[in-house]
Number of protein chains: 2
Amino acid sequence: MQSLQQKASEWSGVSTSDAFAIDETNLFELLGLQTFVTLSTNFYNRVYDDDEEWFRSIFANSKKEDAIQNQYEFFVQRMGGPPLYSQRKGHPALIGRHRPFPVTHRAAERWLHHMQQALDSVPEIDADSKIKMMNFFRHTAFFLVTGDELKNQNQGVPCKHGANKPAAV
Amino acid sequence: MQSLQQKASEWSGVSTSDAFAIDETNLFELLGLQTFVTLSTNFYNRVYDDDEEWFRSIFANSKKEDAIQNQYEFFVQRMGGPPLYSQRKGHPALIGRHRPFPVTHRAAERWLHHMQQALDSVPEIDADSKIKMMNFFRHTAFFLVTGDELKNQNQGVPCKHGANKPAAV
């Protein structure tokens, strides 16, 4: 059986070593806190204003300010800065915490589309950092698609008479 | 609804801030790689040799050497050292990766029992580091119990005629 990270690499086209090239330099020291705050603010401004209702609706139960804070605190922690996320919320547990959301291939691509635009809108992020970050984001997005598929495995518990369809049927 | 980390704190008796006091000092620099290797080796020697068959059997499909390496690489990465785990395997994704295992309250307590013994068998670990590490381990163990319970929520998909019982029924 393929591991989570093997599937993530296959689907994203980004190897684990390229994805974690973010660890070769300290991106937090290079870019500073404000750059991460700006990036996440630009990203979620796009997401919450997305023309595609199916994608926007994934975030409908979260407050935009919370989504921004969760994201930049995780990025700061993961890219060499202080462990802001864990101090407030504990383990990132990316797969576990994305469990409520339908992280499909299509949703991953839409997320990445907005993130690419958000990165391009922050001039403080140099070209090399941008490539490293996009590789990390792309691998991570598809890692979460892999994680999302684990949920469906459980729903395959055999039900007779097609009774595991939604209750409305 | 309680968050994952709130439940973990309630069940473990360890607050998020006590659990992540491991970030106040760089435990990797203080203790060194070999100490972590020794700790994980002592831990899994106990686990794979446990008298309690129900607990030992949780690990039956993993090779002991792999379990040791996964564990010390994660500890090293999380406690201030190089990102050995992510370079090899990607995101820790603690809840997602523990999904195959039945992480019950009883299993968490047994894991912690062995970890306390393993910590006590490594003289290089000073008393203050030991307290910080045990708080982190205790909170994390119950964070994973919380994550394990999420699995069961999915199995509650309504099936008519009691048909979501195991196929043998």
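Computed from a predicted structure; not experimentally measured. In this numbering scheme, every chain counts its residues from 1 along its sequence in written order. By the order in which they are written, chains take letters starting at A while ligands take numbers starting at 1. Local features in this predicted model are restricted to residues of pLDDT 70 or higher, and side-chain atom pairs are both shown and tallied only at a pLDDT of 80 or more, whereas totals for entire chains, interfaces and linings draw on every residue. Based on all heavy atoms of the structure, the side-chain values leave hydrogens and waters out of the count.

*Asks:* Could you give me a rundown of unusual backbone geometry, with the residues and numbers involved?
*Replies:* All names here are of chain A. Of note in this structure, Ala93 is not a glycine but carries a positive phi near 45°. Here Ala93 is to be found in the loop between helix 7 (84-89) and helix 8 (94-97). Residue class for Ala93 comes out buried when judged on its relative accessible area of 4%. A run of H or I in DSSP counts as a helix once it spans at least four residues, and a run of E counts as a strand once it spans at least two, with each numbered from the N terminus. Relative accessibility thresholds used throughout: buried, under 20% of the residue-type maximum; exposed, over 50%; partly exposed, between the two (1.4 Å probe, protein chains only).

*Asks:* So what's going on with the packing of aromatic side chains? Residues and values would help.
*Replies:* Ring geometry is summarised as follows: Phe, Tyr and Trp rings, the Trp one being its six-membered ring, pair when their centres sit within 6.5 Å, and such pairs are stacked at plane angles under 30 degrees, edge-to-face over 60 and tilted between the two. Under the criterion given, the structure shown has 27 aromatic pairs over all chains. Relative to Phe55 of chain A, the ring of Trp54 of chain A lies with its centre 5.6 Å away and its plane at 75°, an arrangement referred to as edge-to-face. Here Phe74 of chain B and Tyr85 of chain B contribute two aromatic rings whose centre-to-centre distance is 6.3 Å and whose plane-to-plane angle is 80°, an arrangement assigned as edge-to-face. Here Tyr85 of chain B lies in helix 7 (residues 84-89) and Phe74 of chain B lies in helix 6 (residues 64-78), a separation of 11 residues in the sequence. Like Phe74 of chain B, the residue Tyr85 of chain B is buried in the burial classification. Cation placement over rings: the criterion is NZ of Lys or CZ of Arg within 6 Å of the ring centroid and within 35° of the ring normal. A cation over an aromatic ring shows up here: Arg106 of chain A above the ring of Trp54 of chain A, its NZ or CZ 3.9 Å from the ring centre.

*Asks:* Describe in detail the confidence of the model for chain A, supporting the description with residues and values.
*Replies:* All names here are of chain A. Confidence in the prediction for chain A averages 91 pLDDT; 90% of positions are at 70 or higher. Every residue in residues 156-169 scores below 50 in pLDDT, and together they form 24 contacts with partners more than four places removed in sequence or on other chains. For this predicted complex, the interface confidence comes out at an ipTM of 0.88, alongside a pTM of 0.89. What pLDDT reports is the predictor's confidence in each residue, on a scale of 0 through 100. Residue contacts follow a heavy-atom distance rule, with two residues in contact if any of their heavy atoms lie within 4.5 Å.

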